[in-house]
Amino acid sequence: MPSLKAIRRRIVSVKNTQKITRAMKMVAAARLRRAQQRIVELRPYAEKTREVLQSVASKVGPEAHPLFQAREVKTVLLLVFTSDRGLAGGFNSSILRAVDRKIVELEEAGKAVEIAVLGRKGRDHFRRRNVTIRHDLVGAYEGGATRAAEIARTLMADFSAAEGGVDEVIAVFNEFKSAMTQLLRMQQVLPLVTPAAAEAEASAGNDYIYEPSREALLNTIVPMYVEVSVFRAMLESQASEHGARMTAMDNATGNAKKMIASLTLEYNRARQAAITKELMEIIGGSEALKD
Amino acid sequence: MAEETQQSGATRGGVIRLEVVTPVGAAVRADVDQVEAPSVDGEFGVLPGHLPLLAALKAGVVRYRSAGKSFVVAVGPGFAEAGPEAMSILTDRCVESADVDTAAARASLDEVTRQLDALQGSVDSAERGELVRSAEWLQAQLDAAKESGRN
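Residues numbered from 1 in each chain as written. Chains lettered and ligands numbered in written order. Predicted model: local features only at pLDDT ≥ 70, side-chain atom pairs only at ≥ 80, totals over all residues.

### Some points on the overall build of chain B
Right, so step 1: Of regular secondary structure, chain B possesses three helices and 10 strands.
Right, so step 2: Starting at the N terminus and ending at the C terminus, chain B contains elements arranged as α-β-β-β-β-β-β-β-β-β-β-α-α.
Right, so step 3: Residues classed as buried in chain B amount to 36% of the 151 residues present.
Right, so step 4: Considering only contacts in chain B between residues 6 or more positions apart, those separated by 24 or more positions represent 57%. (Helix = DSSP H or I, 4+ residues; strand = E, 2+ residues; numbered from the N terminus. Buried ≥ 20, exposed ≤ 12 C-beta atoms within 10 Å, placed from the backbone. Contact = placed C-beta atoms within 7 Å.)

This is the structure:
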């Protein structure tokens, strides 16, 4: 049995850890509230943009815009959303594991894979591996919507490049469900996913009046949609990160509490044992003196 | 059932469900009698019963009448989707005329105009585009404020 002093030291140490995890939980909770509000506000805008884009796309067909056109895929760009900091439970590891699997899968299919990564954790992970980091986007979260739009423009340029570009862009991020749950999503960003032919047939009936023209409209909506998709993934990822960290830190605080309770029990037992032992010795000593 | 009544009445004296949506949430959500919005080709109006329309918007002023009152808001560039009984405006920003800080807007507009004048380089450089966009947005806010009777 460890000495009384050793147990006491451990209790103090665990208590300190608990203080830290509790503070981190509070901070994560505050950040989560803000991040959650932002993503909840953005979602209707993103959804509406998607709806309009889909309904236009179904009427005009894939020839109408270069970003609708799928081609033979030789190079895939994975846009990976991780966080700068750790201690967020399985937040980063689940995403990175999924990406690693996806890379293997794509490479086995004979495709080249390149990475665009947000968040220091992801960048460090890919640096250790033998993958091409095409865009290092660490620090992009702070840039907000403006930075998201820049990233979107970079992606579109990559996709449209005559050579040395990419043929497909897939975003990998955690979608925010609640503080407890995040949903891992792999979403094709480029080429834009347009409704299947059957659906297109059904809604082709009433075309819009376009002002000024269909082409001009597509040239407005398509880039806007790509921008908002990137921005949305960014906000989803941030809210998920804070949610994951809050949950992880809440668990850690709970575990520390349990540990303190069992250590305290052990401490009291050891103390009691020491007292009993001392008593026995005193009694033993006085018994010996009697005769 | 209510939907049906509304639709049949849409051609005469119905209402349009107007929604102005921005990345920071819905800025306007109202049942309105008419809407005017600034397309890139000029202003256009939408009454109930309008044919499906998709219009690209530039920064400007959106006017609408709801329950006998007129409202004026400034919107940034984006687009509008209109149908017989609903209209959505998607824009990166929107501010109500009453919330425009005219003094600040005018000051920034002067600043941006000065920068534009000082700017060298090609007409379609990204920097110039950025400045022109912010100038248009500031002008839209001032227009909205002016129209609602503030100066």
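### Some details on the sheet that holds strand 2 (residues 112-118) of chain A
All names here are of chain A.
Right, so step 1: Strands sit in the order 3-2-1-4-5 across an open sheet of five strands; the sheet is mixed. Among the strands making up the open sheet, the edge pair consists of strand 3 (132-136) and strand 5 (182-190). Between one strand axis and the next, the sheet turns by 25 degrees as a mean value, whatever way the strands run.
Right, so step 2: Of the strands in this sheet, strand 1 (75-81), strand 2, strand 3, strand 4 (168-176) and strand 5 touch helix 4 (residues 140-160), which is tilted by about 40 degrees from strand 5. (Pairing = 2+ DSSP bridges. Axes fitted to C-alpha atoms, helices over the stretch in contact; angles between N-to-C directions.)

### Overview of the nonpolar core
Right, so step 1: Grouped together as the largest cluster of nonpolar side chains are 107 residues, with contacts concentrated most on V80(A), I221(A), V73(B) and V75(B).
Right, so step 2: In terms of residues, this core owes the most to one element, helix 6 (residues 214-290) of chain A, which gives 18 residues.
Right, so step 3: Not counting the four nearest positions on each side in its chain, V75(B) is found in contact with V20(B), L57(B), A59(B), G60(B), V62(B), I89(B), T91(B), C94(B) and A140(B). (Core = buried A, V, L, I, M, F, W, Y, C linked by C-beta atoms within 7 Å.)

### Describing the environment of A233(A)
Residue and element names in this part refer to chain A.
Right, so step 1: Relative to the assigned elements, A233 resides in helix 6.
Right, so step 2: Residue classification places A233 among the buried positions, given that 25 C-beta atoms sit within 10 Å.
Right, so step 3: Between the C-alpha atoms of A233 and G61, which are 172 residues apart in sequence, the distance is 26 Å.
Right, so step 4: Other than its neighbours up to four places away in sequence, A233 contacts F81, A171 and F173.

### Observations concerning the interface of chain A and chain B
Interface size is commonly expressed as the accessible area that is lost once the parts come together.
Right, so step 1: Contacts between chain A and chain B engage 20 residues on the former and 20 residues on the latter.
Right, so step 2: Its residues placed into classes, the side of chain A that touches chain B shows 14 nonpolar, three polar and three charged.
Right, so step 3: Two elements, strand 6 (residues 209-211) of chain A and strand 5 (residues 53-57) of chain B, share three bridges in a ladder whose sense is parallel. Along strand 5 of chain B, the bridge assignment pairs E211(A) with A55(B). (Nonpolar A, V, L, I, M, F, W, Y, C, P; charged D, E, K, R; others polar.)

### Considerations on helix 4 of chain A
Residue and element names in this part refer to chain A.
Right, so step 1: Helix length check: helix 4 (21 residues) gives 23 Å between terminal C-alpha atoms against 30 Å at 1.5 Å per residue, more than 12% under.
Right, so step 2: Maximal helix bending in helix 4 amounts to about 85 degrees, located at T146.
Right, so step 3: Every buried residue of helix 4 is accounted for by A140, Y141, A148, I151, A152, L155, D158 and F159.
Right, so step 4: Buried residues along helix 4 sit in contact with strand 1, strand 2, strand 4, strand 5 and helix 6. (Expected span 1.5 Å × (residues − 1). Bend = angle between axes of the 7 residues up to and from the residue.)

### Side note on the domain arrangement of chain A
Right, so step 1: In terms of domains, chain A is made up of domain 1 (4-21 + 249-285) and domain 2 (31-244).
Right, so step 2: In this structure, domain 1 of chain A and domain 2 of chain A have C-alpha centres spaced 51 Å apart. (Domains from an automatic or database assignment.)

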